[in-house]
Amino acid sequence: MNWSRQHPGWMMFGSMVGLLLFLWGMAIPLSLAPAPIGPVAHLFADGARATVMLTLIAGSIGVVLGVLAGLGKLSTFLPLRWLCDFYVWLMRGTPLLLQILFVWLTLPQILPDSIQVSDFACAAIALALNIGAYNTECVRAGILAVPHGQVEAARALGLSPFQTFMDVVLPQSMRVALPALANNMASLVKDSSLAYAISVVELTMVGYRVQAESYQPIPVFLTIAAIYLILTTAFTTLTSALENQLDVGRKRAE
Amino acid sequence: MIVPENPRPIIEARNVGKRFGNFQALNDVTATFYEGQVTAIIGPSGSGKSTFLRTLNRLEKHDSGTIVVDGITLDDDLRHLDAIRREVGMVFQNFNLFSHLTILKNVSLAPLRVRKMSRADAEARALTLLERVGLKDQAHKYPVQLSGGQQQRVAIARALAMDPKVLLFDEPTSALDPEMVNEVLAVMRELAHTGITMLVVTHEMGFAREVADRLIFFDLGVILEDTTPENFFLNPNHDRAKAFLSQVKHGY
């Protein structure tokens, strides 16, 4: 633990490499497993990759959405604040499954026929909108936690409001917001399984299909659960290393 | 009012008023500050001295009157505000160093962003300034690793990095342990001799008396006395000033 605190960069690098190795290499050890897992090991690997891609894409967009809406909620411009309040209220007050189905079924109707949106994209959009709403509250709390003196010092030095935000407020707010954002990200790994309802072939869908053919749900779902656990562990290691990295200013002498 | 030889006004405040709700913090304050002048601003708590200082770079917006800094009127025009803030540095009671940045980055941030200096130039300059306040060897530490006195010296270096014409000090030693007050005052004393214009809100009567060219006494949002430190300490005109002095003077 001490080592990982002192070398957050290496921890991040390590968990990234671990995650990549696991995603690309997991088919090899899995294929040695007995039926029903071994013969379809590549399906598990594909499913895990889809889950991770979905998490990374929706998670990145969700962080951007969270920062924008979190700022909007603190704006002095009332209509913008109302819009952001409405967004958070709507996304947190309705089931994620409904949101996924809604995007999947309505997007093709709203968009012109020339634009085709894949099932995967629909799931990513719905997940990003959902996690963005939860991120909004974390970001807002983080920004409110930055002492006002920091802003005054930056403004007194002549930094513009935008520079003050990017150079001073945002990095400091992330120290507070990051643990909560990381939590949301770990939930997203699991929540992405709901994409199976709109026939996205991610990890849970793979498990469902394999057990439907083999009639052996126990080994199949245990394998799926193990893969999810490895993924969430990798994500939380990554984010806690990032947290240590951002914590520097608060550390006492080494 | 104390007017130096060959005066060139750098800050002109005319009939400045400011209220917080029902509280009249500043009432018709008029004062002109000249280039190179070191002014100590003293007075009891809540007298409006800090508020006055903070209106001069618009950390507080004044409600009435006019403030002109180096020929630029302080108003809602953001370009005016930016121009003024580039010329006016500020040192705070609680230092307000950027806690997520190293000392070096604290000092080089504003020249880098506002003056658009190259990183190498900004950091070289920051190191020179840190050497001047005696903290070159701390450049790669974070603010939390420094003592209060060291942090305040960094804050002074940070303000100087923008090459301001005026430096505002808002009770720079009030949050410090008694042992650390002198190291900050020493830096300020050295600065006062360089010809930079300084406005210092302070409770350090010794410093005011020794270093300042001019002394302003605030009470209830108005300037009661505006004179030389010697005059003020030897024969203050107002009873309020006499009462204040008798409270703070013991020990001098």
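Fair warning: this is a prediction, and the values are worked out from it, not measured in the lab.

S.K.: What am I meant to see in the pattern of salt bridges here?
M.R.: Where charged atoms from two side chains of opposite charge approach closely, those side chains can pair. Overall, the coordinates contain 24 salt bridges over all chains when judged by the stated rule. Here Arg-8 of chain B ties to Glu-35 of chain B by a salt bridge, and the two come within 3.0 Å at their closest N and O atoms. With Arg-8 of chain B in the segment before strand 1 (9-20) and Glu-35 of chain B in the loop between strand 2 (23-34) and strand 3 (38-42), this residue pair connects regions lying 27 residues apart in the sequence. Note on Arg-8 of chain B: relative accessible area 38%, which makes it partly exposed. Glu-35 of chain B gets classed as partly exposed once you look at its relative accessible area, which sits at 38%. What you see here is one network of salt bridges that share partners, running through Lys-73, Asp-85, Glu-137 and Arg-140 of chain A.

S.K.: What is the right way to look at the nonpolar core in this model?
M.R.: Proteins that are soluble and globular tend to have nonpolar side chains buried together. All names here are of chain B. One finds Leu-130, Ile-156, Phe-169, Met-188 and Met-198 to be the most contacted residues of the largest nonpolar core, which totals 49 residues. Among the elements that line this core, the one with the most residues is helix 6 (residues 178-192), at eight residues. Listed in part, the 39 residues of the second largest apolar core include Leu-53, Leu-81, Met-90 and Met-162.

S.K.: Would you mind going over the confidence of the model for chain B with me for this structure?
M.R.: Detailed reading of predicted coordinates is not advised where the pLDDT is low. Taken residue by residue, chain B gives an average pLDDT of 92. The fraction at 70 or more is 97%. Across the interfaces of the predicted complex, the ipTM metric reaches 0.90, alongside a pTM of 0.81.

S.K.: It is not clear to me how the sheet that holds strand 10 (residues 222-227) of chain B should be interpreted in this structure. Could you clarify?
M.R.: Strands belonging to one sheet form pairs held by backbone hydrogen bonds; the direction of such a pair is parallel or antiparallel. Residue and element names in this part refer to chain B. Spatially, the six strands line up as an open sheet ordered 6-7-8-3-9-10, and their pairing is mixed. Of all strands in the sheet, those bounded by a partner on one side alone are strand 6 (88-91) and strand 10. Geometrically, the sheet is characterised by an average inter-axis angle of 20 degrees between neighbouring strands, direction not taken into account. Inspection of the sheet shows strand 9 (residues 214-219) paired to strand 10 by five bridges, in the antiparallel sense. If you follow Ile-216 over to strand 10, its bridge partner there is Asp-226.

S.K.: Please clarify how the interface of chain B and chain A should be interpreted in this entry.
M.R.: Interfaces are frequently sized by the accessible area removed from exposure as the parts join. Taken together, the contacts link 24 residues of chain B with 23 residues of chain A. Both faces considered, chain B and chain A share a buried interface measuring about 2100 Å² in area, 54% of it formed by carbon and sulfur atoms. Our count for the chain B to chain A interface comes out at two salt bridges. Among the ionic pairs, Glu-152 of chain A bridges to Arg-54 of chain B, the shortest N-O distance being 2.5 Å. There are eight residue pairs in polar contact (both at pLDDT 80 or more) connecting chain B and chain A. Those elements giving two or more residues to the side of chain B that touches chain A turn out to be helix 2 (78-87), strand 6, helix 3 (103-113) and helix 5 (148-160) of chain B.

S.K.: Could you clarify how one ought to interpret the side chain of His-62 of chain B in this entry?
M.R.: Counting through the fold element by element, His-62 of chain B comes out in the loop between helix 1 (49-55) and strand 4 (64-69). Look past the residues within four positions of His-62 of chain B in its chain and what remains in contact with it is Val-16, Gly-17, Lys-18, Thr-55, Ile-67 and Leu-74 of chain B.

S.K.: Looking at this structure, I do not really get unusual backbone geometry. What am I missing?
M.R.: With the exception of glycine, the majority of residues adopt a negative phi angle, and the majority of peptide bonds are in the trans configuration. Phi is positive for Ser-199 of chain A, close to 60 degrees, though the residue is something other than glycine. Assignment of secondary structure puts Ser-199 of chain A in the loop between helix 9 (161-191) and helix 10 (203-214). On the basis of relative accessibility, which here comes to 36%, the residue Ser-199 of chain A falls in the partly exposed class. The backbone phi angle of Phe-95 of chain B is positive, close to 65 degrees, even though this residue is not glycine.

S.K.: Any chance you could explain the packing of aromatic side chains here in plain terms?
M.R.: What characterises a pair of aromatic rings is the spacing of the ring centres plus the angle enclosed by the ring planes. Residues and elements named next belong to chain B. Evaluation of the coordinates by the stated rule reveals seven aromatic pairs over all chains. Taking the centre distance of 5.2 Å and the plane angle of 55 degrees together, the rings of Phe-217 and Phe-244 count as tilted. Of the two residues, Phe-217 is situated in strand 9 and Phe-244 in helix 9 (residues 239-248); the sequence distance between them amounts to 27 residues. Overall, Phe-217 belongs to the buried group, its relative accessible area being 0%. Ring pairs connect the aromatic residues Phe-217, Phe-232, Phe-233 and Phe-244, which therefore count as one cluster. One residue, Arg-158, lies across the ring of Phe-98, its end atom 4.6 Å from the ring centre.

The rules behind these values
Along each chain, residues carry numbers from 1 onward, in the same order as the chain's sequence is written. Labels follow written order: the first chain is A, the first ligand is 1, and so on. Given that the model is predicted, a residue must reach a pLDDT of at least 70 before its local features are reported, and side-chain atom pairs must reach 80 or more before they are shown or counted; all residues, however, enter totals for whole chains, interfaces and linings. The basis for the side-chain values is all heavy atoms of the structure; hydrogens and waters are excluded. Every case where a carboxyl oxygen of Asp or Glu lies within 4 Å of a side-chain nitrogen of Lys or Arg is listed as a salt bridge. Only runs of H or I of at least four residues qualify as helices and only runs of E of at least two qualify as strands under DSSP, and these elements are numbered from the N terminus. Classification of residues uses two cut-offs on accessible area relative to the type maximum, computed with a 1.4 Å probe and protein chains only: under 20% is buried, over 50% is exposed, and between them is partly exposed. Only buried residues count toward a nonpolar core, which is a set of Ala, Val, Leu, Ile, Met, Phe, Trp, Tyr and Cys residues joined through side-chain atoms within 4.5 Å. A score from 0 to 100, pLDDT tells how confident the predictor is in each residue. Whether two strands pair depends on DSSP finding at least two bridges between them. Angles shown run from 0 to 180 degrees and are taken between the N-to-C directions of axes, each axis being a line fitted to C-alpha atoms and, for helices, limited to the stretch in contact. We call two residues in contact when some of their heavy atoms are within 4.5 Å. Two parts lose some accessible area (1.4 Å probe) when they are put together, and adding that loss for both gives the buried area. Identification of polar contacts relies on pairs of N or O atoms within 3.5 Å, with a donor-acceptor requirement for protein atoms, meaning one able to donate a hydrogen and the other able to accept it, and with residues adjacent in sequence counted only if both atoms are side-chain atoms. When two rings of Phe, Tyr or Trp (its six-membered ring) have centres within 6.5 Å they constitute a pair, described as stacked for plane angles under 30 degrees, edge-to-face for angles over 60, and tilted for the intermediate range. Put simply, a charge is over a ring when the Lys NZ or the Arg CZ is close to the ring centre, within 6 Å, and near the line of the ring normal, within 35 degrees.

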